[in-house]
Amino acid sequence: MIKENIEKILKELPPGVELAAAVKGRSIAEVKEAAAAGVTILADNYLQEAAEKIEALGRVARWHFIGHLQKNKVQKAAALFDMLETIDSFELAQVLDKECGRLGKVMPVLLEVNSADEPQKAGLEPAEVESFVGRAGSLAHLKISGLMTMGPLVDNPEAIRPFFRKVKEIFDLIKSKAYDNLDWRYLSMGMSDTYKIAIEEGANIVRIGTAIFGIRR
Ligand SMILES: *Cc1c(COP(=O)(O)O)cnc(C)c1O
């Protein structure tokens, strides 16, 4: 089933849109099957879980971190992942930059946007993104590569469209200006219920779990 689900999704994606399989809570066998079916990005929310999968499977795909990143876990995250999609404060970025410097690597990161300005949710407020980007020149060991958003929980997928549109507007605004130290190219939005809408609104990474692996147990 996993293979068929992935083939179906890959066929639907327009050129230039990448599929990230969201693998939280999935078994090593399931993740292996996803990579074998042609998924090129594996995205996990949990460091320990990802470490176990990477140890078992190796770098069968690029590994993206999509969970909430705590400052005291930055060292581990910097060592494990190929991209961190959930940078939600400048302080976190500074800690990560320092750690990547120690490791001698440059880490691609996305800035997470709290697109509905929900108080309980992680992410930069939409109005904070530009001031973050304006200070990015000092983060020599990060490659600030775009934006990621979850969007609010909605019953009707169509209700999320304005939030995706707002994040795309911020993405385009920043793209139109010449900030230092940016490699501005990725817009990660859309999950199983909403990825088609996200693509219509400009996403080029979609993060899909349930539609690949089935309902989480
Ligand atoms: C779980 C998760 C997804 C995928 O969600 P599905 O609804 O299972 O497709 C995408 N992004 C993040 C950050 C997630 O935690």
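In the block above lies the structure referred to throughout.
Since this is a predicted model, take the numbers as computed values, not measurements. (Residues numbered from 1 in each chain as written. Predicted model: local features only at pLDDT ≥ 70, side-chain atom pairs only at ≥ 80, totals over all residues. Heavy atoms only, no water.)

Observations concerning the overall build of the chain
Right, on to step 1. Scanning the chain from terminus to terminus reveals 9 helices and 8 strands.
Right, on to step 2. Relative to the globule expectation of 17 Å for 217 residues, the C-alpha radius of gyration of the chain, 16 Å, shows essentially globular dimensions.
Right, on to step 3. C-alpha atoms of the chain, sized along the principal axes, occupy 45 × 40 × 35 Å.
Right, on to step 4. Counting the 217 residues in the chain, one finds 52% classified as buried.
Right, on to step 5. Counting only carbon and sulfur atoms, one obtains 52% of the accessible surface of the chain, whose full area is about 10200 Å². (Helix = DSSP H or I, 4+ residues; strand = E, 2+ residues; numbered from the N terminus. Rg over C-alpha atoms; globule rule 2.2 N^0.38 Å. Buried < 20%, exposed > 50% of the residue type's maximum accessible area, 1.4 Å probe, protein only. Areas by Shrake-Rupley, 256 points an atom, 1.4 Å probe, with all protein chains shown as cover.)

Re the environment of H68
Right, on to step 1. Mapped onto the fold, H68 is located in the loop between β3 (62–65) and α4 (74–80).
Right, on to step 2. If we skip the residues at most four places from it in the chain, H68 touches D88 and A122. (Contact = heavy atoms within 4.5 Å.)

Here we look at the pairing of strand β1 (residues 18–22)
Right, on to step 1. By the criterion of burial, β1 is predominantly enclosed, with 5 of the 5 residues buried.
Right, on to step 2. Burial along β1 is two-sided: the face carrying E18, A20 and A22 and the face carrying L19 and A21 are both buried.
Right, on to step 3. Of the strand pairs in this sheet, β1 and strand β8 (residues 205–208) are connected by 4 bridges, and their pairing is parallel. Paired with A20 across the bridge in β8 is R207. (Pairing = 2+ DSSP bridges.)

A word on the environment of K8
Right, on to step 1. Along the chain, K8 falls in helix α1 (residues 2–12).
Right, on to step 2. Separated by 78 residues in the primary sequence, K8 and T86 place their C-alpha atoms 28 Å from one another.

Considerations on the site of the ligand
Right, on to step 1. Residues in contact with the ligand amount to 13 residues; listed here are only the nearest, K24, N45, S192, G209 and T210.
Right, on to step 2. With respect to the ligand, the backbone of G209 contributes an N or O atom lying 2.8 Å from an oxygen atom.
Right, on to step 3. Expressed as a share of its isolated accessible area of 390 Å², the protein-covered part of the ligand is 91%.
Right, on to step 4. Split into classes, the residues belonging to the shell around the ligand amount to 6 nonpolar, 4 polar and 3 charged. (Near = heavy atom within 4 Å. Polar contact = N/O pair within 3.5 Å; in protein donor to acceptor, adjacent residues only side chain to side chain. Nonpolar A, V, L, I, M, F, W, Y, C, P; charged D, E, K, R; others polar.)

Topic: the side chain of R26
Right, on to step 1. Mapped onto the elements of the fold, R26 is located in the loop between β1 and α2 (28–36).
Right, on to step 2. Although buried, R26 forms no salt bridge, and the nearest oppositely charged side chain, E30, lies 4.8 Å from it.
Right, on to step 3. Leave out the neighbours within four places in its chain, and R26 touches V31, E49, K53, G209, T210, F213, G214, I215 and R216. (Lys, Arg positive; Asp, Glu negative; His and termini not counted. Salt bridge = Lys/Arg side-chain N within 4 Å of Asp/Glu carboxyl O.)

Looking at the packing of aromatic side chains
Right, on to step 1. Considering all chains together, one arrives at 3 aromatic pairs under this definition.
Right, on to step 2. Seen from their ring centres, F90 and F132 are 5.1 Å apart, and the 75 degrees between their planes marks the pair as edge-to-face. Of this pair, F90 sits in helix α5 (residues 90–103) while F132 sits in helix α6 (residues 129–134); the two residues are 42 residues apart in sequence, bridging distant segments of the chain. Residues F90 and F132 agree in their burial class; the two are buried.
Right, on to step 3. Between F171 and W184, the aromatic rings sit 5.5 Å apart at their centres with planes inclined by 20 degrees, giving stacked as the arrangement. Here W184 lies in strand β7 (residues 182–188) and F171 lies in helix α7 (residues 161–175), a separation of 13 residues in the sequence. With respect to burial, F171 and W184 carry one shared label: buried. (Phe/Tyr/Trp six-rings, centres within 6.5 Å; stacked < 30°, edge-to-face > 60°.)

Focus on the packing of α1 against α2
Right, on to step 1. Put simply, α1 and α2 touch, their axes get as near as 9 Å, and they point 40 degrees apart. Relative to α2, the element α1 lies oblique. The way α1 lies across α2 gives a crossing that is right-handed. Taken together, the residues of α2 that come into contact with α1 (itself represented by I2, K3 and I6) are E30, E33 and A34.
Right, on to step 2. Per-class residue counts for the contact of α1 with α2 are 3 nonpolar, no polar and 3 charged. (Axes fitted to C-alpha atoms, helices over the stretch in contact; angles between N-to-C directions. Parallel < 35°, antiparallel > 145°, perpendicular 65-115°, else oblique. Left-handed = near helix turned anticlockwise from the far one by under 90°.)

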